[in-house]
Amino acid sequence: MYKHYTITDIHTHVLPNLDDGPENMEETEHLLTAMHAVGVDRIFCTSHYLSPSFEVSLQQMTSAYDLLQSTPQKSAWPALQLGAEMRVHLQQLERLKDSDWPRLGDTHYILLELPNLGLAQTTLQFVKRVTSAGLHPIIAHPERLVELQKSFDLVDQLLATGASFQLTASCFIPSAKADRPVNRLAWTLLETGYASVIASDSHNTNARPPALVAAYQGIEERFGEKAVIQLIENANKIWQDDEISRVAVR
Ligand SMILES: [Fe+2]
């Protein structure tokens, strides 16, 4: 459907046996092949990093990524770059230097996961610190933040840090329930011009599938092709380390 455009997915869990993504190489191959089949050309591999739920080191991510890059079948997969979804876990981050924060490839973009509950001032200060370090923080799935679902005013506080928002593709596919708070907030953030990019956050081919292209179709039905093209171009700009701006759907 968008075959004239290069499709980039900036948030995926494809590296084997690290987090709640694929459990082994076979599942990884299955997921990457499925992504390619639906038209995804390029992905950042963004396993969880500093998440309280998983212990994943940067060395493990690099080894898993190198393994994929050395696999002969990679011609049937999207092009890969290594990134990470770094949890804003302040106690853990205290032990790291700024230069140790994993970025999306060699770009100045960094994908941050905020705690779902407790959007504390210290969290906002950390996001500002990332911006001050010359990096561009991208907040993964802000629609999941319970405080944002309750109080839209916090959106401005969060964006005042210099961050951009990445919404999750599954919120925009036709089968997504419109009355779920997560989906409702995702549509509202897009409609009000607060979002910059959409990504699949895919973990597997069933429960959390590579739904990026399907989401673009859902968005096109509601807001037209122009909105989708801006989203596609922003994901490509991130890949190329160019500056992005928020998407105006109206
Ligand atoms: Fe994720």
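This report concerns the structure included in the present document. (Residues numbered from 1 in each chain as written. Predicted model: local features only at pLDDT ≥ 70, side-chain atom pairs only at ≥ 80, totals over all residues. Heavy atoms only, no water.)

**Things to note about helix 1 (residues 25–37)**
How we decide: Each helix is a run of DSSP H or I of at least 4 residues and each strand a run of E of at least 2, with the numbering of both proceeding from the N terminus. Expected span, for any helix, means 1.5 Å times one less than how many residues it has. Summary of the burial criterion: residues with accessible area below 20% of their type's maximum are buried, those above 50% are exposed, and those between are partly exposed, where the area comes from a 1.4 Å probe applied to protein chains only. Directions from the helix axis toward the C-beta atoms define the arc. Contacts: residue pairs with any heavy atoms within 4.5 Å of one another.
The terminal C-alpha atoms of helix 1, which comprises 13 residues, lie 18 Å apart, in line with the 18 Å expected from a rise of 1.5 Å per residue. Restricting attention to buried positions, one finds in helix 1 the residues Thr 28, Leu 31, Leu 32 and Met 35. Seen along its axis, helix 1 keeps its buried residues to an arc of 95 degrees; they face one direction. Of the residues in helix 1, the exposed ones pointing more than 90 degrees away from the buried face are Glu 26, His 30 and Ala 37. As for helix 1, its buried residues are in contact with strand 1 (8–12), strand 2 (42–45), helix 2 (58–69) and strand 4 (79–82). The first or second residue beyond helix 1 is Gly 39, which carries a positive phi of 105 degrees.

**Overview of the pattern of salt bridges**
Quick reminder of the rule: One side-chain nitrogen of Lys or Arg within 4 Å of one carboxyl oxygen of Asp or Glu is enough to make a salt bridge.
Enumeration over the complete set of coordinates arrives at six salt bridges. We note a salt bridge from Arg 87 to Glu 113, for which the minimum N-O separation is 3.5 Å. With Arg 87 in strand 5 (residues 85–87) and Glu 113 in strand 6 (residues 109–113), this residue pair connects regions lying 26 residues apart in the sequence. The same class applies to Arg 87 as to Glu 113, namely buried. Put simply, Arg 129 and Asp 98 hold a salt bridge, and the shortest N to O gap is 2.8 Å. In this pair, Arg 129 is assigned in helix 4 (residues 121–132) and Asp 98 in the loop between helix 3 (90–93) and strand 6, connecting sequence segments 31 residues apart.

**Some thoughts on the coordination of the iron ion**
Here is the rule: Coordination here is defined by N, O and S atoms within 2.8 Å of the metal (3.2 Å for Na, K and Ca), and since water is not considered, a site can look incomplete. For four-coordinate sites, all angles between 85 and 135 degrees define a tetrahedron; for four- and six-coordinate sites, opposite donors beyond 155 degrees with the remaining angles between 65 and 115 define square planar and octahedral shapes respectively, and all other cases count as irregular.
For the iron ion, every protein donor is listed as His 11 (NE2), His 13 (NE2), Glu 85 (OE) and Asp 201 (OD), and the spread of their distances is 2.1 to 2.3 Å. Here the iron ion is ringed by four donor atoms whose angles at the metal span 82 to 168 degrees, and the overall shape comes out irregular. Site description for the iron ion: donor spacing in sequence, H-x1-H-x71-E-x115-D. Of the two residues, His 13 sits in the loop between strand 1 and helix 1 while Glu 85 sits in strand 5, which places them 72 residues apart along the sequence. The exposure class assigned to Glu 85 is buried, which follows from its relative accessible area of 0%.

**A word on helix 8 (residues 212–223)**
Taking 1.5 Å per residue, twelve residues should reach 16 Å; helix 8 reaches 16 Å between its end C-alpha atoms and fits that length. Every buried residue belonging to helix 8 is among Leu 212, Val 213, Ala 215, Tyr 216, Gly 218, Ile 219 and Phe 223, and all of these are buried. Buried residues belonging to helix 8 abut strand 1, helix 7 (181–191), strand 9 (197–199) and helix 9 (225–240). Immediately beyond the C-terminal end of helix 8, within one or two residues, lies Gly 224, with a positive phi of roughly 95 degrees.

**Describing the pairing of strand 8 (residues 164–168)**
What counts, and what does not: Strands were regarded as paired on the criterion that DSSP finds at least two bridges between them.
Counting buried positions over the five residues of strand 8 gives five, a clear majority of the element. Burial of the side chains of strand 8 extends over both faces: Ser 164, Gln 166 and Thr 168 are buried on one face and Phe 165 and Leu 167 on the other. Looking at chain direction, strand 7 (residues 136–140) and strand 8 are connected through three bridges and run parallel. When the sheet's bridge partners are listed, Ile 138 is paired in strand 8 with Ser 164.

No statement about biological role is implied by the geometric values presented.
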